[in-house]
Amino acid sequence: MPRALKILVIGMFINVTGASFLWPLNTIYIHNHLGKSLTVAGIVLMLNSGASVAGNLCGGFLFDKIGGFKSIMLGIAITLASLVGLVFFHDWPFYIVLLTIVGFGSGVVFPASYAMAGSVWPEGGRRAFNAIYVAQNAGVAVGSALGGVVASFSFSYVFLANAALYVVFFFIVYFGFRNIQTKDVSQTSVLDYDAVSSKAKFTALVILSSGYVLGWLAYSQWSTTIASYTQSIGMSLSLYSVLWTINGILIVVGQPLVSFFVKKWAESLKAQMIIGFVIFIVSYSMLLTAKQFPMFLAAMVILTIGEMLVWPAVPTIANQLAPKGKEGFYQGFVNSAATGGRMIGPLFGGVLVDHSGIHALVLSLLVLLMISIATTILYDKRLKSADKANKQASVSS
C-alpha cells in the first residue's frame, strides 16, 4: 500500500469517527431532548440523507473539475463550519438546518476520497477501496462507542467532540493530501473499457447502482425496523448493540479470510458481488424464524461476510468503468446510490411493518436482493456486446 493511500485511510478513519459521534444519537437527541416526535426525527434524518446525496454528486463533479484535495477541503470546510455552529446552536430549529448542511458537506468528501484512492493506487484494484471501507467501519465502531460515553455526560460534549475531530481531519487533509500525486487509472478487466462508448459505460453504472440501492435499502433495516423488532420480542438494547460490535470487529479482523476467499472462489468482481448478495439472502432468510439472540447473532455474522464482498466491489467497478476525467462523477454516482438506499430504507421498512408485519418485510427484502443479483449479472452485458463489436470492426478494417 503506497504512503498516499495510508494517509487517505487515516484521514477517512478520523472523518468517520467524528461523524459517528453524532449520527447514531440523532434520533434520541431530537426525540428525547428536543421533544419532537419520531416522525419529525425521521424527516430530519431524511433531509440529512437527501443533502448527502446532493453532496455525493457535487463532490464527484468537483473532483473531476478541481481535483481531490480542493474538493475534500471544500467538503470539510462546509461540514466543520456547520459542526462549530452546532456547538453553540443545537436547539430547534437551528439543529435541522445545520444537520442538513452537515449532510451536504460530508457528502462532498466521500466520493472525492474514493476517487483519489483509485487514482493513487490504480494497480491495487479492489484493495484500495477495501482499505477505505475498513477504515470507515473502524471509525463507525470507535465513534459510536465513544459517542455514547460522551453523551452520558452531556450532549453538548458530543457536538464539541465531533467538531474537534473534524479539526484534526482538516489538518490531516491540509498537510497530508495536498502533495498526493495521482496516476492515470489502469483499467484491469477482461474488457477493453477504453474501446467502449461512454454511454454504454454509464448505462452499466446505472444498472449496477440500481442493485446497489436495493442492497443498501435491505441493509438499513438492521438499524431501523429490525432493531425495533428485537426490542418488541424482549431483546435488551445492550445485546442488540453487541450485534453491531461484532459487525465492526469482523470487518476489521476478517479481511485476510475474505482476501483468501476472493482469490480462491471469486476472482472477478461480478462473482464477488453475486456471492455476497446470495449470502445476504441467507442472512435475511434466517430472520423469518429468529426469536432468540443466537439466531440474530448468526444472521449478523453471515450478513457481515456478505457486505465485505459487496460494498468494496461497487466503487472498484465504478472506478474501472469511469472514462478518463469522469472518475469523480462515477464515484459520486455510486455513493449517492448507497445514500439513497439508506434514505428510503427506513421509510419503506416502517410502512411495510406497520401494515403487514416483519415477515412481509423480510420476504420483500428477499425479492429485492434477488433483483440485485439480476442487475449484477446484467450490468456489463451491453459492455461485452460493444467490446465484441469493436474487436470485430478492428479485425475487418
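Remember, predicted model here, so these are calculated numbers, not experimental data. (Residues numbered from 1 in each chain as written. Predicted model: local features only at pLDDT ≥ 70, side-chain atom pairs only at ≥ 80, totals over all residues. Heavy atoms only, no water.)

## Considerations on the overall build of the protein
Tallying secondary structure elements over the protein gives 17 helices and zero strands in all. Counting over 397 residues, the protein shows a buried share of 52%. (Helix = DSSP H or I, 4+ residues; strand = E, 2+ residues; numbered from the N terminus. Buried < 20%, exposed > 50% of the residue type's maximum accessible area, 1.4 Å probe, protein only.)

## A short note on the packing of aromatic side chains
Note on aromatic pairs: each is described by the distance of the centres and the angle between the planes. Inspection of the entire model under this criterion finds 21 aromatic pairs. For the pair F329 and Y330, a centre-to-centre distance of 6.0 Å together with 70 degrees between the ring planes defines the contact as edge-to-face. Judged by its relative accessible area of 26%, F329 is partly exposed. Among the aromatic side chains, those forming a connected cluster through ring pairs are Y212, W216, Y219, W244, F277, F280 and W311. For K326, the ring lying beneath its charged end belongs to F329, and the centroid distance is 5.8 Å. In this arrangement the basic side chain of R342 is found over the ring face of W216, its NZ or CZ atom lying 4.6 Å from the centre. (Phe/Tyr/Trp six-rings, centres within 6.5 Å; stacked < 30°, edge-to-face > 60°. Lys NZ or Arg CZ within 6 Å of the ring centre and 35° of its normal.)

## Some remarks on the side chain of N130
Topologically, N130 is positioned in helix α6 (residues 126–153). Given a relative accessible area of 17%, N130 falls into the buried group. Not counting residues within four places of it along the chain, the set of residues in contact with N130 comprises Q255, M308 and P312. (Contact = heavy atoms within 4.5 Å.)

## Things to note about a nonpolar patch on the surface
A surface patch of nonpolar side chains, amounting to about 440 Å² of accessible area, comprises V84, F88, F89 and F94. Note that F94 resides in helix α5 (residues 94–120). (Patch = residues over 30% accessible without salt bridge, like charges linked within 9 Å, V, L, I, M, F, W, Y side chains within 5 Å. Areas by Shrake-Rupley, 256 points an atom, 1.4 Å probe, with all protein chains shown as cover. Salt bridge = Lys/Arg side-chain N within 4 Å of Asp/Glu carboxyl O.)

## Overview of the nonpolar core
Buried together is how nonpolar side chains tend to be arranged in soluble globular proteins. Y212, W222, M273, Y284, L287, F296 and W311 are the most contacted members of the largest nonpolar core, which totals 62 residues. The biggest single contributor to this core is helix α8 (residues 198–219), with ten residues. Setting aside its immediate chain neighbours within four residues, Y212 contacts W311, V314, V334, A337 and A338. Core analysis: the next-biggest nonpolar cluster, separate from the first, contains 55 residues, V9, V87, L99 and Y114 among them. (Core = buried A, V, L, I, M, F, W, Y, C linked by side-chain atoms within 4.5 Å.)

## Digging into unusual backbone geometry
Note that the residue after W92, namely P93, is joined by a cis bond; omega there is 5 degrees. As for its placement among the helices and strands, P93 is situated in the loop between α4 (68–88) and α5.

## Side note on the side chain of T79
Relative to the elements of secondary structure, T79 occurs in helix α4. The class of T79 is buried, set by a relative accessible area of 0%. One polar contact links the side chain of T79 to the main-chain carbonyl oxygen of G75, over a distance of 2.8 Å. Leaving out residues up to four positions away in the same chain, T79 has contacts with V102, G105, S106 and Y166. (Polar contact = N/O pair within 3.5 Å; in protein donor to acceptor, adjacent residues only side chain to side chain.)

## Some points on the packing of helix α15 (residues 327–356) against helix α16 (residues 358–378)
Orientation of α15 relative to α16, taken along the N-to-C sense of each, is 135 degrees, at an axis distance of 7 Å. The orientation of α15 relative to α16 falls into the category oblique. Crossing handedness for the pair α15 and α16: right-handed. Of α16, the residues touching α15 (which contributes F348, G349, L352, V353 and S356) are I358, A360, L361, S364, L365 and L368. A per-class count over the contact of α15 with α16 returns eight nonpolar, three polar and no charged. (Axes fitted to C-alpha atoms, helices over the stretch in contact; angles between N-to-C directions. Parallel < 35°, antiparallel > 145°, perpendicular 65-115°, else oblique. Left-handed = near helix turned anticlockwise from the far one by under 90°. Nonpolar A, V, L, I, M, F, W, Y, C, P; charged D, E, K, R; others polar.)

## What to know about α16
Between its terminal C-alpha atoms α16 stretches 30 Å, which fits the 30 Å expected from 21 residues at 1.5 Å a residue. Taken together, the buried positions of α16 are I358, L361, V362, L365, L366, L368, L369, S372, I373, T375 and T376. Those residues of α16 hidden inside the fold are in contact with α8, α9 (225–232), α12 (269–286) and α15. (Expected span 1.5 Å × (residues − 1).)

## Quick notes on the environment of G35
Position of G35 among the secondary structure elements: in the loop between α2 (26–33) and α3 (38–66). We classify G35 as exposed; its relative accessible area is 58%. Considering only alpha carbons, one finds G35 and W92, 57 residues apart in sequence, at a separation of 9.6 Å.

## A few points about the confidence of the model for the protein
A residue-level look at the protein finds 89% of positions with pLDDT of 70 or above and a mean pLDDT of 83. The least confident element of the protein is helix α17 (residues 381–396), whose mean pLDDT is 61; the most confident is α16, at 95. (pLDDT = per-residue confidence, 0-100.)

## A short note on the environment of L34
Structurally, L34 can be placed in the loop between α2 and α3. Distance in space between the C-alpha atoms of L34 and P93 is 9.7 Å, their sequence separation being 59 residues. Ignoring sequence-local partners within four residues, the contact set of L34 consists of Y29, H90, D91, W92 and Y95.

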